[in-house]
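Observations on the three-dimensional arrangement
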Amino acid sequence: MKMLKYSYNFRMPYVGFCLLLLFAFTSNTVEAADLNNHHRSYLTPNEVLLFRESLEFIKDAQCQRDLNVTLWGLLSNAQWAISMYDASVRNAIGTGSKVYYQMGHFDQCFESSSTKPTTTTIETSSIGGWNYQEAAAIPVQYCLVDVMMTTGISSVDLDDTSKQRHEEEETLISHWGECVPASCSSSDVAIFLHHILQRNVTVNDKMCQLSPSTNGSRTISVGMFVYAAIVLFFVMLTILCTGYHIYLKQSTQSHDDLKKAMNSNDVWKTALLSFSVIENTKKLFQPCRDQNGLNPLNGVKALAMIFILFGHAAIFIYGSPSYNVDFMSENLKNPFVGFVTNSLLFVDVYLLLSGYLFFRIAFVEVERRKGRLNPLFLYLGRYIRLTPPYMVVIGFYMTWFVSIGSGPIWQQRIEPQEERCISSWWLNLLYVNNYINTEKLCMFQSWYLSADTQLFIIAPFMLLLIYKYRKLGLSVLAALIGLSSAIPFVTTYLKQVQPTFMVTSKEAEDVVLVEYYRDNYIKTHMRASAYFIGLGIGYLAHLIQCKGIKLSKTLVRTMWIAGCIMGVGSMFSLSRFYSDSYTQLESTIYAGLHKLAWNLASGWLVLAVTTGHGGWLQRMLSWRVFVPFSRLTYCAYLCNGIVELYSTASLRTVEHTGYLEMTNYMLIHTLNTFALAIVLSLIFESPLHAVVRVLMRTFGVRGATNKPQSNNSASDATPSTSEEQVA
């Protein structure tokens, strides 16, 4: 009896306390019967409790109300609420393997708000003071939030008396996709998720995206309307002019009659036909008329651009949410993939070609005109030639780009691009954006046009100096080559920076934010040696061609061997700096030597294949299949950022990366880039270029047209880069 009494006395307070807790819980949330009947199918009792407790800390009344509705929908088995909750991440998977992006289900989140409401069978119930008989779907937003995750790392301290084990804490940030009511601010989302996930959560406004169906989202701005109207005008003009071309073909009796009609002095007819897709497609694929041995440069340009696109694709793969991020990190140490990881060296090939082709083409004109050359006319011709398609792409970044896609990281990746272009587009059009306001660089690849333009300003004066004072001009050119080659040495040593452009996976997410990229990589003085070496190689090629010099086989073989050693060494040696720590002396030596060696090797390649010393390689590079790719390189250069950014920002899930996947990714993106380049070329670049030439002839500006053969050679061999702007 004593034992029973003791037991009874012990249990009564305990049972009473439990009943009080149960009563308190059910009175503040839902009826006990409701919990038993409804939450068991989807939420655990603990999840219901955490959800309910979190509502007490929400500041905004509308957000609190919508979260209450969401909870009621979950307890009522409403499909929209289940879809909404199911689209959110509750537990991370694979963070030990560095899968830091847990994206949930982006599309399901927004689809949940369009689901028809489900009428509940419960007569009345109270949540937070509101009574509901129907759980109606609410507007939602998708937030990619930063969740702090703490991991314990065991370590052992030894002393004379004992072994003491303690744990050090390391915090990592994981990005989780969460589907929450659209009425909640970023601060309320952070509070709610802090209680639901039982972790520290950081949220800002740029992490959250509203559903496209939400009122007020993605409205058509004035800028978007104007841009669309301009593009539509050119599209309609292209269609009409193509139809006019078809009409001429059908109305003329022979091909000669059509050709005569097209070559007539009727300015309007010629200008209209400049917009014909038929005519511009024929120009794109027609073989080059090669008077200066420049045909092999079609292959050089095409292959260089393909490898540049491969390199861009690799950087964007590295900066994308990845299932196995260590794959890229480890392969950066692999010298056999150096043609991808260090492929940005091919940009220097374009600078070298720019200087080389300018000298080859312009020097002939200067000799023909006996030293008369108008640099202002050259600058104007180049500006008119390059700027219109450039403006089309910049305008797309400023207006429609952010509205053409979606994804968990779309807003984070694309909105900064739009903001930068709105802020600094005028710097792009002045071609000074690689020095001014570089933290707001519009189009990550646009620095090249600025660097090339700035060097182009110097080139005419250098050419005239060589023509009028041969020895002095060559001495000045040699000094410029030496000085520009020394600058990377000095800069790397004084600034104590890395040897070349090297990125981590975090930096690859947005290269414009990388300090080395802004302060060193994009600067003209760091890249000038390639251009000046190109001018020098152009002079040597002109000399060899004019005097009919044939280099000895021994010299040619020696130069090929030296060129291959320098080129291969420069391209594949970067892996050493990824694989192990290095000294500043090593960094300094590599920074200067690898660029100089690469430029000399590229210079020999260009000189050999354009002067008849290239053998089978010269024949291969002259292959006609390279011609259209060569002519599209400028437009491909402009369009590639759109392709890479769209593909990265629209990812819905993390992807596994392997050699096959990476190869497929690079090939597809290269093809997509050239496909987009065809559209830009046929509608804008090629027609506007032709119209400018027509106007120049009409108004008596004949600097580029008095000598048709030379001009055709220039435009056919290099129609898609800046170096053909001889005017």
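Keep in mind that this is a model prediction, so the values were computed, not measured.

1. Observations concerning the overall build of the protein chain
Secondary structure summary: the protein chain contains 29 helices and nine strands in total. Taken across its 727 residues, the protein chain has 53% of its residues classed as buried. Excluding contacts between residues fewer than 6 apart, the proportion of contacts in the protein chain whose partners are at least 24 apart in sequence is 80%. Surface exposure of the protein chain reaches about 34,200 Å², of which carbon and sulfur atoms provide 62%.

2. Remarks on the pattern of salt bridges
Per the stated rule, a full pass over the model turns up 16 salt bridges. Note that Lys98 is salt-bridged to Asp326, the shortest N-O span being 3.2 Å. With Lys98 in the loop between helix 5 (79-86) and strand 1 (101-102) and Asp326 in helix 13 (residues 326-331), this pair connects stretches of sequence that are 228 residues apart. Take Lys98: its relative accessible area is 36%, and that puts it in the partly exposed class. Linking Glu509 and Lys506 is a salt bridge whose minimum nitrogen-to-oxygen distance equals 3.5 Å. Glu509 sits in the partly exposed class, given a relative accessible area of 22%.

3. Let's talk about helix 27 (residues 633-649)
Taking 1.5 Å per residue as the helical rise, helix 27 with its 17 residues ought to reach 24 Å, and the 24 Å between its terminal C-alpha atoms agrees with that figure. Of all bends in helix 27, the biggest is about 40 degrees, found at Cys639. Counting buried positions along helix 27 yields 16 of 17 residues, so the element is predominantly enclosed.

4. A word on the state of the cysteines
On inspection of all chains with the given rule, the structure shows four disulfides. One disulfide bridge connects Cys109 with Cys179, the sulfur atoms lying 2.1 Å from each other. Where Cys109 bonds to Cys179 through sulfur, the torsion about that S-S bond is close to 85 degrees, and the disulfide is right-handed. In this pair, Cys109 sits in helix 6 (residues 106-112) while Cys179 sits in strand 7 (residues 163-181), placing the two residues 70 residues apart along the sequence.

5. Side note on the confidence of the model for the protein chain
Overall, the predicted model of the protein chain reaches an average pLDDT of 83, with 81% of residues at or above 70. Across residues 117-134 the pLDDT falls below 50, and counting only partners more than four positions away or on other chains, this stretch makes 45 contacts in the model.

6. A look at the nonpolar core
Of all hydrophobic cores here, the largest spans 128 residues; its most connected members are Leu297, Phe358, Tyr390, Phe501, Tyr517, Tyr521 and Leu638. Looking at this core, the element that brings in the most residues is helix 15 (residues 346-368), giving 15 residues. Setting aside residues no more than four positions away along its own chain, Leu297 makes contact with Leu353, Tyr356, Leu357, Val606, Val609 and Thr610. Leu71, Ala78, Phe192 and Leu197 belong to the second-largest nonpolar core, a separate cluster that totals 49 residues.

7. Considering the environment of Phe626
For Phe626, the location among the structural elements is in helix 26 (residues 626-631). Apart from residues lying up to four places away in sequence, Phe626 is in contact with Asn298, Gly299, Ala302, Leu303, Met620 and Leu621.

8. As for a nonpolar patch on the surface
Together, Ile220, Val222, Phe225, Val226 and Ile230 make up an exposed nonpolar region whose accessible area comes to about 520 Å². The residue Val222 is located in helix 8 (residues 222-251) in this model.

9. Details of the side chain of His613
Inspection of the secondary structure assignment puts His613 in the loop between helix 24 (584-610) and helix 25 (615-621). Side chain to side chain, His613 and Thr611 meet in a polar contact 2.9 Å long. Those residues in contact with His613 that sit more than four places away from it in its chain are Ile549, Lys550, Leu551, Val556, Trp560, Ala608 and Gln618.

10. Quick notes on the packing of aromatic side chains
On inspection of all chains with the given rule, the structure shows 37 aromatic pairs. When the centroid spacing of 5.1 Å and the interplanar angle of 50 degrees are considered together, the rings of Phe234 and Phe684 count as tilted. With Phe234 in helix 8 and Phe684 in helix 28 (residues 659-698), this residue pair connects regions lying 450 residues apart in the sequence. When sorted by exposure, Phe234 lands in the same class as Phe684, which is buried. Through pairs of rings, three or more aromatic residues link up here, namely Trp447, Tyr448, Phe501, Tyr517, Tyr521, Tyr634 and Tyr637. A cation over an aromatic ring shows up here: Arg576 above the ring of Phe577, its NZ or CZ 5.4 Å from the ring centre.

11. Side note on the side chain of Asp146
Note that Asp146 resides in strand 6 (residues 140-158). When near neighbours in sequence (up to four residues on either side) are disregarded, Asp146 contacts Ile173, Ser174, His175, Asn200, Val201, Thr202 and Met207.

Rules behind the numbers
Residues numbered from 1 in each chain as written. Predicted model: local features only at pLDDT ≥ 70, side-chain atom pairs only at ≥ 80, totals over all residues. Heavy atoms only, no water. Helix = DSSP H or I, 4+ residues; strand = E, 2+ residues; numbered from the N terminus. Buried < 20%, exposed > 50% of the residue type's maximum accessible area, 1.4 Å probe, protein only. Contact = heavy atoms within 4.5 Å. Areas by Shrake-Rupley, 256 points an atom, 1.4 Å probe, with all protein chains shown as cover. Salt bridge = Lys/Arg side-chain N within 4 Å of Asp/Glu carboxyl O. Expected span 1.5 Å × (residues − 1). Bend = angle between axes of the 7 residues up to and from the residue. Disulfide = S-S within 2.5 Å. pLDDT = per-residue confidence, 0-100. Core = buried A, V, L, I, M, F, W, Y, C linked by side-chain atoms within 4.5 Å. Patch = residues over 30% accessible without salt bridge, like charges linked within 9 Å, V, L, I, M, F, W, Y side chains within 5 Å. Polar contact = N/O pair within 3.5 Å; in protein donor to acceptor, adjacent residues only side chain to side chain. Phe/Tyr/Trp six-rings, centres within 6.5 Å; stacked < 30°, edge-to-face > 60°. Lys NZ or Arg CZ within 6 Å of the ring centre and 35° of its normal.

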